[in-house]
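Understanding the architecture of this molecule
Spelled out, the chains give:
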Amino acid sequence: MIKLLRIDNKTSRVFSVKDKTVQHREVPGVSVIYRVLRNYDKFLLENPFSYVYNIGIGVSRSREKLSRETESRLKDLQLRCDLIDTIWEYHWCFIENTKIERHNENTKILSYEANKVYEELCDKQFEVRNENARSHFNSMQDAIMRSDNPLEVFNKGMSSYMVIA
Amino acid sequence: MSLIVYANHFTPPLREYFWQSRAGVFPPVQCYVSRCKYKPNLFETVLTCQSIDELREIRHNSLTWEECMNKRAAEILKLDGKIYVLYSGGVDSVGIVCSIIKNFSTEDLKRVTLLCTPSSVVEFPSFFNLLVKKIKIEYLNTFIEGYTRDGYVVSGMLGDLFFSEPGMTEKAFELGIAREPYKEGMIKLLSFYSEEYGKRLFDWLEPIVDESLYDINSTLDFISWLYFTQLYQKVQLAHLSQKGNFEDLSSYSKVINFFDTLDFQLWGIENHSKITYNSMKDYKRDSKIYINSVFKNDWYLENKQKFPSYFYFMFGTSFIDAIDENWNVIDLETAMDYCRD
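Residues numbered from 1 in each chain as written. Chains lettered and ligands numbered in written order. Predicted model: local features only at pLDDT ≥ 70, side-chain atom pairs only at ≥ 80, totals over all residues. Heavy atoms only, no water.

**Quick word on the sheet that holds strand β7 (residues 322–324) of chain B**
All names here are of chain B. In space, the three strands of this open sheet follow the order β1-β7-β8, with antiparallel pairing throughout. The open sheet has two edge strands with one neighbour each: β1 (3–6) and β8 (329–330). By the bridge criterion, three bridges tie β1 to β7 in an arrangement that is antiparallel. Looking at β7, one finds that Tyr-6 is bridged to Ala-322. (Pairing = 2+ DSSP bridges. Helix = DSSP H or I, 4+ residues; strand = E, 2+ residues; numbered from the N terminus.)

Next comes the structure, spelled out in structure tokens:
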């Protein structure tokens, strides 16, 4: 699960530092996350760029200075970020699984020419499915950040994930 | 006003045996569009296909399966523009491609493109070895409407309809009731799907037998007739029912369901009693014999079983709720207005 969120206005990327597989990915919804962060507390504006904040375990001393309201908002933000991280983890697993499914007993009897076409179809399917899943999860991510009920958005979005998969 | 299709697998809780039971999931009773005078439908519907009475009137000695296939291929050949075949690798689409190979010249074949995914290759790989040498292959990377702009899309939908509903047929073999008298067999089968309401569901459906065009004795006979009379239209409009396939529903006129002809329907009616069913390996045997005449493969002929190719082939399994008789896509709430009393 994502525990460390870094916002960087130069690269507009979200880094999942503890995630070994998805270390560095572009997330179009980052501006939304940034806007939410910026509104939480003046504290968060002190050094918003290249700022690293440990959302998950809250070891930052500065966190002790937060008001109760801000603390509550941060918990809410933590939930949203965890949900977003989860959907991208699923996305990553989906991509990995799609790669693994490529060969089986049936494909062994393909001629060289047919196998070449088959590989092209696999590549294309991978590309298209990945793109569709990415688009689906981007929408989910945006909705999770905006909704009053992020868990409901998450549950609905993940249940329709099978459609994509 | 009526619907032409209800595609949502959610069963409205209007009749107790349509819900709180597995019958609401399968068989999809809520999606029935009856071609009979008797209507077990949940919704008011109008037909986009022939009624059973119309078929009864025009009934005549049908062509052989091979003649039906070749005649249809000749009709497809006359279409102006590109011909995109949805190739899943299943028996129906393999049969279509065989008919095209058999009836099209090398020059004609240049107009044909097979729309595939990797699963199209895997289901019948030795046949694919032949296809790559003869026909252009493309990945099905857009929704179907896109292909109708410069040609026609040929689909294998409805290929099951002249044989039997594969899921229920397989279950009937599993339960050992395939050859039982239909009254006993169907109650057992429907009770498998809905232990509590199986008998009542059968009573609700049984009057369709009074309008049958062939003798209905066994469970398999009943399943075939149920499928042919109640689900033909839903399957006929299946591509349209899939969410996102079409923005402009009029484009559907350029989707050619290969098996959607009177010839195939009459073949199914006339030959029903001759269709051999000892196990699922016999499923669509006539179709496999035709395939074997073009691409000899004895293993395929004797062993190929039904595989739900469509769902693996097509991208997505998300459906619209319903379409009204003016061909407007409507949502679930609006569709409820079309429920029968």
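**Observations concerning the pattern of salt bridges**
Residues and elements named next belong to chain B. Tallied over the full model, the rule gives 19 salt bridges over all chains. A salt bridge links Lys-37 to Asp-53, with the nearest nitrogen and oxygen atoms 3.0 Å apart. Highlighted residues: Lys-37 in the loop between β1 and α1 (52–58) and Asp-53 in helix α1, separated in sequence by 16 residues. Glu-107 is the partner of Lys-110 in a salt bridge, and the nearest nitrogen-oxygen pair spans 3.2 Å. (Salt bridge = Lys/Arg side-chain N within 4 Å of Asp/Glu carboxyl O.)

**Things to note about the side chain of B:Gln230**
All names here are of chain B. Structurally, the position occupied by Gln-230 is in helix α10 (residues 219–230). In terms of polar contacts, Gln-230 uses its side chain to reach the side chain of Ser-34, at 3.2 Å. Once residues lying within four places of it in the same chain are set aside, the contact partners of Gln-230 are Cys-31, Tyr-32, Val-33, Ser-34, Cys-36, Pro-40, Asn-41 and Ile-208. (Polar contact = N/O pair within 3.5 Å; in protein donor to acceptor, adjacent residues only side chain to side chain. Contact = heavy atoms within 4.5 Å.)

**Considering the confidence of the model for chain B**
Low pLDDT marks stretches whose predicted atomic positions should not be read closely. All names here are of chain B. Of all residues in chain B, 89% attain a pLDDT of 70 or more, and the chain-wide mean is 86. The low-confidence segment residues 19–25 (pLDDT under 50) makes 19 contacts with residues lying over four places distant or belonging to another chain. Counting interchain partners and residues more than four positions distant, the pLDDT-below-50 stretch residues 311–316 has 25 contacts. Interface predicted TM-score (ipTM) for the complex: 0.82; the corresponding pTM is 0.77. (pLDDT = per-residue confidence, 0-100.)

**Quick word on the nonpolar core**
Within the largest apolar cluster, 93 residues are counted, with the highest numbers of intra-cluster contacts made by B:Leu114, B:Phe127, B:Phe128, B:Phe162 and B:Phe222. Within the second largest apolar cluster, 17 residues are counted, among which are B:Tyr84, B:Leu140, B:Phe246 and B:Tyr252. (Core = buried A, V, L, I, M, F, W, Y, C linked by side-chain atoms within 4.5 Å. Buried < 20%, exposed > 50% of the residue type's maximum accessible area, 1.4 Å probe, protein only.)

**Considering unusual backbone geometry**
Residues and elements named next belong to chain B. For Leu-158, which is not a glycine, the phi torsion comes out positive at approximately 85°. Despite not being glycine, Trp-327 shows a phi value in the positive range, around 65°. One can find Trp-327 in the loop between β7 and β8.

**Examining the packing of aromatic side chains**
Residues and elements named next belong to chain B. For the coordinates displayed, the defined rule picks out 23 aromatic pairs over all chains. With 5.2 Å between their ring centres and 70° between their planes, Phe-258 and Phe-259 make a pair best called edge-to-face. The exposure class assigned to Phe-258 is buried, which follows from its relative accessible area of 0%. In this structure Phe-259 comes out as buried when scored by relative accessible area, which is 0%. Following the ring pairs from residue to residue traces out a cluster consisting of Trp-65, Phe-162, Phe-163, Phe-258, Phe-259, Phe-264 and Trp-267. The lysine or arginine in question, Arg-35, covers the ring of Phe-228, its NZ or CZ lying 4.8 Å from the ring centre. Positioned over the ring face of Tyr-232 is Arg-35, at 4.1 Å from the centre of the ring. (Phe/Tyr/Trp six-rings, centres within 6.5 Å; stacked < 30°, edge-to-face > 60°. Lys NZ or Arg CZ within 6 Å of the ring centre and 35° of its normal.)

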